Amino acid sequence: MVTGFVISTKERNMKGAIKRIGALFYARNLEFVRDRAALVWNLLFPLLLVIGFSLIFSGPPKPLVQIGVVGELTTAYQPLTHIPLLKLIPYDDEARGGLKVRHHQLDLLLSPARGHYWVNPDAPQGAMAEYLLRQAVQEPLQRESLSGRAIRYGDWLLPGVIGMNLMFSGLFGVGFVIVRYRKNGVLKRLRATPLGALEFLFAQLLSRVLITLVVSLLVFCAAYWLLDVPLIGSGWLLLVIALAGGTAMASLGLLIAARLQNEELASGLLNLISLPMMFLSGVWFSLEGAPAWLQQLAARLPLSQIIEAARAVMLEGAGWQEVAGPLGQVMVFALVCISLGAMLFKWSAK
């Protein structure tokens, strides 16, 4: 009898918690939908960014020839450094450079140690790069062709814009809202209800993740149909990446807002975190030419891992195994933020 009573009590508590989370989840989503300005901004701004930058950078490529170099240049290849319109880009990974050649983002890839080079016969500048290489280097070279579709700037930009939208929506849509609730006394009134702190945080997290996921899906679908952006990999895997990214960013917003009670301080802190992350995570441009220490630092940021995983799936056809590492790190980051946010959370400003 006692055991049955305990089980029955636990079931009632669990049902009550689910009911409370559901009610708060519904109320938060309703609040977002009724805010027409925020709704339109979240839907149209990312799409307008992609369309705008696609139009700006849709012209023909610059006449500068770019050759990737795997390893060090030997003496026989030094004449390449004296060609005015030729830019040499060092690469540590041959596969990464080859992928750039396939996507028309690199005119030619050269391995001096092997006497080998790769060129895309369909690339506009590939023939010019090959001609300059043959004229400057007198040693015998082995040629290999790499074919692939050209990746436009808008194609490369779309995962970055979606990642940026996940970040701003998660940080400000959760962090700023919770601080506002605390300042206006909403949390103080909620504390008088049976709602627990974990239930409140989980409802906020679930609501924001759903909103960001729907917005990201709509933006991607619109860009896919209007701009013909490629999706070489699995769409389901891309959806999982967006889900993991939205969870991580919303969790960081929960952690930041756990104890803050001033909206101005919260806004400043959120901007202090989001703006450097946006510029260091490769949203607008690649950090290939940046110092090595800065590239290593940027690669550790959760937004960088989200964007790189999304680009790998969209533009390179990466599968689950290739993105398992970044996804795992992002989810660990989210779990740490949620745990710390729940430990530090307080209801009232006092």
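Up top is the structure.
All of these numbers come straight from a predicted model, not from anything done at the bench.

Procedures and definitions
- Residues numbered from 1 in each chain as written.
- Predicted model: local features only at pLDDT ≥ 70, side-chain atom pairs only at ≥ 80, totals over all residues.
- Heavy atoms only, no water.
- Helix = DSSP H or I, 4+ residues; strand = E, 2+ residues; numbered from the N terminus.
- Buried < 20%, exposed > 50% of the residue type's maximum accessible area, 1.4 Å probe, protein only.
- Contact = heavy atoms within 4.5 Å.
- Areas by Shrake-Rupley, 256 points an atom, 1.4 Å probe, with all protein chains shown as cover.
- Pairing = 2+ DSSP bridges.
- Axes fitted to C-alpha atoms, helices over the stretch in contact; angles between N-to-C directions.
- Right-handed = clockwise from strand over helix to strand, strands pointing away.
- Polar contact = N/O pair within 3.5 Å; in protein donor to acceptor, adjacent residues only side chain to side chain.
- Arc of directions from axis to C-beta.
- Phe/Tyr/Trp six-rings, centres within 6.5 Å; stacked < 30°, edge-to-face > 60°.
- Lys NZ or Arg CZ within 6 Å of the ring centre and 35° of its normal.
- Core = buried A, V, L, I, M, F, W, Y, C linked by side-chain atoms within 4.5 Å.
- Salt bridge = Lys/Arg side-chain N within 4 Å of Asp/Glu carboxyl O.
- Patch = residues over 30% accessible without salt bridge, like charges linked within 9 Å, V, L, I, M, F, W, Y side chains within 5 Å.

Enquirer: Please explain the overall build of the protein as it appears in this structure.
Expert: Looking only at helices and strands, the protein has 12 helices and five strands in total. Counting the 350 residues in the protein, one finds 46% classified as buried. Once local pairs closer than 6 in sequence are excluded, the contacts in the protein between residues at least 24 apart make up 76%. Summed over all atoms, the accessible surface of the protein reaches about 18,400 Å², with 66% contributed by carbon and sulfur.

Enquirer: Teacher, can you tell me more about the sheet that holds strand E1 (residues 65-70) here?
Expert: Each strand in a sheet pairs with another by means of backbone hydrogen bonds, the pair being arranged parallel or else antiparallel. The five strands lie next to each other as E2-E1-E3-E4-E5, forming an open sheet whose pairing is mixed. In the strand order of this sheet, the two ends are held by strand E2 (86-91) and strand E5 (142-145), each with one partner. Between one strand axis and the next, the sheet turns by 25° as a mean value, whatever way the strands run. In this fold helix H3 (residues 94-102) packs onto E1, E2, strand E3 (108-111) and strand E4 (116-119), with an angle of close to 155° to the strand it touches most, E3. Each of E1, E3, E4 and E5 touches helix H4 (residues 126-136); the most contacted strand, E4, lies at about 160° to it.

Enquirer: I tried to follow the pairing of E5 on my own but got confused; where do I start?
Expert: Working note: regular strand, side chains alternate between the two faces of the sheet. Of the strand pairs in this sheet, E4 and E5 are connected by four bridges, and their pairing is parallel. Residue Trp118 lies in a different strand from E5, and its bridge partner there is Glu144. Following the backbone out of E4, through H4 and into the adjacent parallel E5, one traces a crossover that is right-handed.

Enquirer: Sorry if this is basic, but what is going on with the environment of Asp93 here?
Expert: Looking at where Asp93 falls in the secondary structure, it is placed in the loop between E2 and H3. Judged by relative accessible area, Asp93 falls into the partly exposed class, the value being 41%. Placed 22 residues apart in sequence, Asp93 and Gly71 show a C-alpha to C-alpha distance of 9.0 Å. Of the polar contacts made by the side chain of Asp93, one reaches the backbone nitrogen of Ala95; its length is 3.1 Å.

Enquirer: Sorry if this is basic, but what is going on with H4 here?
Expert: Along an α-helix, a turn takes 3.6 residues, which lines up residues three or four apart on a common side. Looking at H4, one finds that the buried residues are Gly126, Ala129, Glu130, Leu132, Leu133 and Ala136. One side of H4 carries all its buried residues, which in axial view fall inside an arc of 160°. Where the residues of H4 are buried, they touch E1, E3, E4 and E5.

Enquirer: Where do I start with the side chain of Ser281 in this structure?
Expert: As for its position among the elements, Ser281 is in the loop between helix H9 (263-280) and helix H10 (292-299). Here Met277 takes part through its backbone oxygen, which lies 2.6 Å from a polar atom of the side chain of Ser281.

Enquirer: How do you make sense of the environment of Leu64 when you look at a structure like this?
Expert: Secondary-structure assignment places Leu64 in the loop between helix H2 (36-56) and E1. In this structure Leu64 comes out as partly exposed when scored by relative accessible area, which is 35%. Placed 21 residues apart in sequence, Leu64 and Leu85 show a C-alpha to C-alpha distance of 5.4 Å. With residues up to four places along the chain from it excluded, the contact list for Leu64 reads Leu85, Leu86, Lys87, Asp107 and Gln125.

Enquirer: Explain the packing of aromatic side chains to me, please; I cannot follow it from the model alone.
Expert: The relation between two aromatic rings is expressed through the spacing of the ring centres and the mutual angle of the planes. Applying the stated rule across the entire model yields four aromatic pairs. Considering the side-chain rings of Tyr224 and Trp225, the 5.6 Å spacing of their centres and the 85° angle between planes classify their relative orientation as edge-to-face. Exposure remark for Tyr224: the relative accessible area of 33% places this residue in the partly exposed category. For Trp225, a relative accessible area of 69% corresponds to the exposed category. Of note, Arg311 hangs over the ring of Trp156, and the distance from its end group to the ring centre comes to 3.5 Å.

Enquirer: Whenever I open this one, the nonpolar core confuses me. Can you help?
Expert: Looking at soluble globular proteins, one finds that nonpolar side chains tend to be buried together. Formed by 68 residues in total, the largest nonpolar core has its most connected members in Leu158, Met167, Ile178, Leu187, Phe200 and Ile241. When residues of this core are traced back to their parent elements, those giving at least two are helix H1 (2-34), helix H5 (153-184), helix H6 (186-191), helix H7 (197-226), helix H8 (235-256), H9, helix H11 (302-316) and helix H12 (320-344). If one sorts the elements of this core by residue count, H5 sits on top with 14 residues. Ignoring any residue separated from it by four or fewer positions in sequence, one finds Ile241 in contact with Ile306, Ala309, Ala310, Val313 and Leu327.

Enquirer: Explanation requested: the environment of Ser286 in the structure shown.
Expert: Within the secondary structure, Ser286 is located in the loop between H9 and H10. In this structure Ser286 comes out as partly exposed when scored by relative accessible area, which is 40%. Distance from Ser286 to Trp156, taken between C-alpha atoms, is 9.9 Å for residues 130 residues apart in sequence.

Enquirer: Explain the pattern of salt bridges here, please?
Expert: In this structure the tally under the stated criterion is three salt bridges. One salt bridge connects Arg143 with Glu130, and the closest N-O pair in it is separated by 2.6 Å. Taken as a pair, Arg143 in strand E5 and Glu130 in helix H4 lie far apart in primary sequence, 13 residues in all. Taking the relative accessible area as the measure of exposure, Arg143 reaches 39% and is therefore partly exposed.

Enquirer: What is the right way to read a nonpolar patch on the surface from this model?
Expert: Among the surface-exposed residues, Val332, Val336, Leu340, Met343 and Leu344 lie close enough to one another that they form a single nonpolar patch of about 460 Å² accessible area. Structurally, the position occupied by Met343 is in helix H12. In this structure Met343 comes out as exposed when scored by relative accessible area, which is 65%.

Enquirer: Please clarify how H3 should be interpreted in this entry.
Expert: Every buried residue of H3 is accounted for by Gly97, Gly98, Lys100 and Val101. Angular distribution of buried residues about the axis of H3 spans 155°; they occupy a single face of the element. One side-chain oxygen at the N-terminal end of H3 lies 3.1 Å from the backbone nitrogen of Ala95; it belongs to Asp93.

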